[in-house]
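Results of the structural survey
Residue-level listing of the chains:
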Amino acid sequence: MVATLRDKQLASLHNMIQLNSSVSNSNETVFSILVYDRHGQDIIAPLLSVKQLRQLGVTLHLLLHSERGEVPDVPAIYFCQATEANLTRIAQDFSAGLYTSYYLNFSTPISRHKMEDLAQAAMLAGVQADIKRVYDQFVNFISLEEDLFTLRHQGADALSFYSLHRRDVQDSDIDPIIDAVVDGLFSVFVNLGQVPIIRSQRNNAAQAVAERLDRKLRDSLRDTRNTFFNATPSQGFQAGHLNFHRPLLVLVDRTTDLATPLHHPWTYQALCHDLLSLSLNRVTLHLSDQMAKQGAKPKYGGLDVFFETEEKIMGRTTLEKPLTELLSEDGCGSASDKLRLFLIHYLCSGSSSSANSAGAGSGNSSSEADMAAMLEALQAAGADLNPVNYMKQWRNIMKLSSSVSLDYGGGVAKTVSMFSKLLNQGSALVVEGVKNFVLKENKLPVTRVVDNLMELRSCEEDKNYCYLDPKLLRPQDASSAAARARTPFQDCIVFVVGGGCYTEYANLRAYAGRKASAAPVPRRVIYGCSELLSPEGFLSQLSKLGAEIPS
């Protein structure tokens, strides 16, 4: 069985905790202290529990920027980014003589001048002999599932959609974001031990990431000292276990589809992320004392209505009642629920004076009077209309006309009030409701792009997505290489610059499952993003962007 990306990252962490020893003795446990920064904590949390760390010999695990006392005769394993703040704190630990031996592991490569500064700090503290090893681990990503990763959790604001699109953003602000994404993706492919074929959108952040990643991979392949992509299994990345076929890396920008992150979800993970603040595969419930005494459950009224309505809008199916009526209804969802529904309608529809009213025709177009009535209903519900202002500006910039809308594949569900029954009746959920809750095949925009590029179809995506191959001696040969490609890809890594979501991930998993059952050779798809966006989190970023627009 081929090791997954998660398995490979876990193997790298195991090797790090075992002091990067090339020969491990299973009968001997080396006790140690693990010191990490916030990002290192996020990388470890989904992979290793406290119990598993103890089984590996970690007696203490502490944050780097916390008060720590001296612990003699036990090796200290540091795991952090090579930032100025982290290196300064490590130098302070040297001066304080906290530990008798140091094993320094950086999730991101440490530059030469920073290494020299660190060496000088060790010499001034007189601990140079105590620094046993210094490693670049290349594990600068967070594995949440076998086929799901993100680059940031704590500190995700630095790579957010807002950071890329805020009104006063400069090239000097975007460059560090692009570099951080490239470093994370490079770590992913070092762990996979493979060099991808890169396809990316043009004229946005995704293309900038593609071009810099292409150069970074190309430089690594030319450097004879690097063995990232021809490593032996003993080197931790298990490259020898990989198949012959190269993977496809599809880089898309979040602006490809702004509606899906706002969608009221129906899958388990996406629901937990939306309603229960799923974080690093953990859910924390907060109940008031009164609710706990009464055994009360949080109420999420109207979720089935919002989900079904959004599915019909995205599938261009007639609504059962005008959208204005739903937005004006008391007790059906919160103000932000209604705002999310409206924004999906706005993104997936045109707006013209000759269009039919919402729900009266196709359910995907509105007159100016309808739009004004919906906005009035949102205001009455207490919704923040800043996201609407940003969407209007975005549509103007993208030159979207009333006849242009996103294609979501036409999958529509009839929920039979499934959410209401689940929340109110618990285990009494009827089988009929479950059967009727099965969605038709529904390809979201990112899934459709992936399908077309993996299958090498002659389509709009093939023309609009640039082709880069880091293994080619001359980058200008990429166009002719793309024209010669004939064999569909078996493996694909999809990465969304500006943030992804569980709904998109679930849709890609369903697509890969259908392909695996239909094709003689299974298709594997890994989904990654700069951060995992909850609908409320994405709405908050849109609100900040909208607030920056002059009135």
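In the block above lies the structure referred to throughout.
The present account deals with the structure reproduced in this document. Fair warning: this is a prediction, and the values are worked out from it, not measured in the lab. (Residues numbered from 1 in each chain as written. Predicted model: local features only at pLDDT ≥ 70, side-chain atom pairs only at ≥ 80, totals over all residues. Heavy atoms only, no water.)

1. What to know about the overall build of the chain
Looking only at helices and strands, the chain features 22 helices and 14 strands. Per-residue burial over the chain gives 52% buried out of 551 residues. By sequence separation, contacts in the chain at least 24 residues apart represent 80% of the contacts at least 6 residues apart. When the accessible surface of the chain is totalled, it reaches about 25,200 Å², and 50% of it is carbon and sulfur. (Helix = DSSP H or I, 4+ residues; strand = E, 2+ residues; numbered from the N terminus. Buried < 20%, exposed > 50% of the residue type's maximum accessible area, 1.4 Å probe, protein only. Contact = heavy atoms within 4.5 Å. Areas by Shrake-Rupley, 256 points an atom, 1.4 Å probe, with all protein chains shown as cover.)

2. Some words on the pattern of salt bridges
Scanning the model with the defined rule gives 25 salt bridges in all. With a shortest N-O distance of 2.8 Å, R212 and D179 are connected by a salt bridge. In this pair, R212 is assigned in helix α8 (residues 205-222) and D179 in helix α7 (residues 171-192), connecting sequence segments 33 residues apart. A relative accessible area of 22% places R212 in the partly exposed class. (Salt bridge = Lys/Arg side-chain N within 4 Å of Asp/Glu carboxyl O.)

3. Remarks on the packing of aromatic side chains
With the rule as written, the count across this model stands at 12 aromatic pairs. On the numbers, 5.0 Å between centres and 85 degrees between planes, the contact of F94 with Y102 is edge-to-face. For the pair F94 and Y102, one class covers both residues: buried. Considering the side-chain rings of F141 and F149, the 6.0 Å spacing of their centres and the 75 degrees angle between planes classify their relative orientation as edge-to-face. Accessibility assignment for this pair places F141 and F149 in one class, buried. Through a chain of ring-to-ring contacts, the aromatic side chains of Y78, F94, Y99 and Y102 assemble into a single cluster. (Phe/Tyr/Trp six-rings, centres within 6.5 Å; stacked < 30°, edge-to-face > 60°.)

4. Here we look at empty space enclosed by the protein
Scanning the model with the defined rule gives 1 cavity of 30 Å³ or more in all. Along its surface, the largest cavity is lined by T260, P261, H263, P265, A270, H273, C501, Y502, T503, L533 and P535. Listing elements by their share of the lining of the largest cavity, those giving two or more residues are α9 (268-275) and α21 (502-518). Classifying every residue of the lining of the largest cavity gives 7 nonpolar, 4 polar and no charged. (1 Å grid on protein atoms, 1.4 Å probe; cavity = no way out; pocket = protein on both sides within 12 Å on 5 of 7 lines; lining within 4 Å. Points joined across faces, edges and corners; volume = space filled by probe spheres on them. Nonpolar A, V, L, I, M, F, W, Y, C, P; charged D, E, K, R; others polar.)

5. Quick notes on the sheet that holds strand β1 (residues 32-36)
Here 5 strands make up an open sheet; going across it, the order is β2-β1-β3-β4-β5 and the pairing parallel. Bordering the open sheet on either side are β2 (58-63) and β5 (131-136), each of which pairs with just one other strand. Neighbour-to-neighbour, the strand axes of the sheet open up by a mean angle of 15 degrees, direction not taken into account. Here strand β3 (residues 76-80) pairs with strand β4 (residues 102-106) via 5 bridges, running parallel. Note on β4: the bridge partner recorded for A76 is Y102. Contacting β1, β2, β3 and β4, helix α1 (residues 5-17) crosses the sheet at an angle of about 145 degrees to β3. (Pairing = 2+ DSSP bridges. Axes fitted to C-alpha atoms, helices over the stretch in contact; angles between N-to-C directions.)

6. Section: the pairing of strand β8 (residues 197-201)
Where burial is concerned, most of β8 is hidden: 5 out of the 5 residues are buried. Burial along β8 is two-sided: the face carrying I197, R199 and Q201 and the face carrying I198 and S200 are both buried. One ladder, built from 4 bridges, connects β8 with strand β9 (residues 248-253); its direction is parallel. The residue of β9 that forms the bridge with S200 is L251. The pairing of β8 with strand β12 (residues 465-468) spans 4 bridges and is classified as antiparallel. Residue pairing for β12: S200 is matched across the bridge by C466.

7. Observations concerning the side chain of E531
Structurally, E531 is set in the loop between β14 (524-529) and α22 (535-547). As a buried residue without a salt bridge, E531 has its nearest oppositely charged side chain in K544, at a separation of 9.5 Å. At 3.1 Å, the side chain of E531 forms a polar contact with the side chain of Q541. Excluding residues within four positions of it along the chain, E531 makes contact with T150, R152, A156, S160, F161, G499, G500 and Q541. (Lys, Arg positive; Asp, Glu negative; His and termini not counted. Polar contact = N/O pair within 3.5 Å; in protein donor to acceptor, adjacent residues only side chain to side chain.)

8. Overview of the nonpolar core
Formed by 48 residues in total, the largest nonpolar core has its most connected members in L34 and F79. One finds L347, C348, M391 and L539 within the second-largest nonpolar core, a separate group that totals 38 residues. (Core = buried A, V, L, I, M, F, W, Y, C linked by side-chain atoms within 4.5 Å.)

9. Some details on the pairing of β5
The pairing of β4 with β5 spans 5 bridges and is parallel. By the bridge assignment, Y102 is partnered in β5 with I131.

10. A few points about the side chain of T150
With respect to the secondary-structure elements, T150 resides in strand β7 (residues 148-150). Reaching out from T150, the side chain makes a polar contact with the backbone oxygen of C529 at a distance of 3.2 Å. What T150 contacts, discounting residues up to four positions off in sequence, is F141, I142, L144, C529, S530, E531 and L532.

11. Some points on the packing of helix α13 (residues 335-348) against helix α14 (residues 368-381)
Contact pair α13 / α14: the axes reach a minimum separation of 9 Å and the direction vectors enclose 160 degrees. Relative to α14, α13 is oriented roughly antiparallel. When you trace α13 past α14, the crossing you get is left-handed. Residues A335, K338, L339, F342, H345 and Y346 of α13 form the contact with α14, whose own contacting residues are M371, M374, L375, L378 and A381. Class assignment for the residues of the contact of α13 with α14 results in 9 nonpolar, 1 polar and 1 charged. (Parallel < 35°, antiparallel > 145°, perpendicular 65-115°, else oblique. Left-handed = near helix turned anticlockwise from the far one by under 90°.)

12. A look at α9
What α9 keeps buried is the set A270, L271, C272, H273 and D274. Count one or two residues on from α9 and you reach S277, which has phi positive near 55 degrees.

13. What about the environment of I549?
Position of I549 relative to the elements: it lies in the segment after α22. Using a relative accessible area of 21% as the deciding quantity, one classes I549 as partly exposed. Sequence spacing of I549 and R167 is 382 residues, and the spatial spacing of their C-alpha atoms is 7.7 Å. The residues touching I549, leaving out its near neighbours within four places in the chain, are R167, N389, Y390 and Q393.

14. Some points on the sheet that holds β9
If you walk across this open sheet you meet the 7 strands as β6-β7-β14-β13-β9-β8-β12, and the pairing is mixed. If you trace the sheet from one side to the other, it starts and ends with β6 (142-145) and β12, each paired once. Strand-to-strand twist across the sheet, computed as the mean angle between neighbouring axes with direction ignored, equals 20 degrees. In this fold α1 packs onto β6, β7 and β14, with an angle of close to 135 degrees to the strand it touches most, β6.

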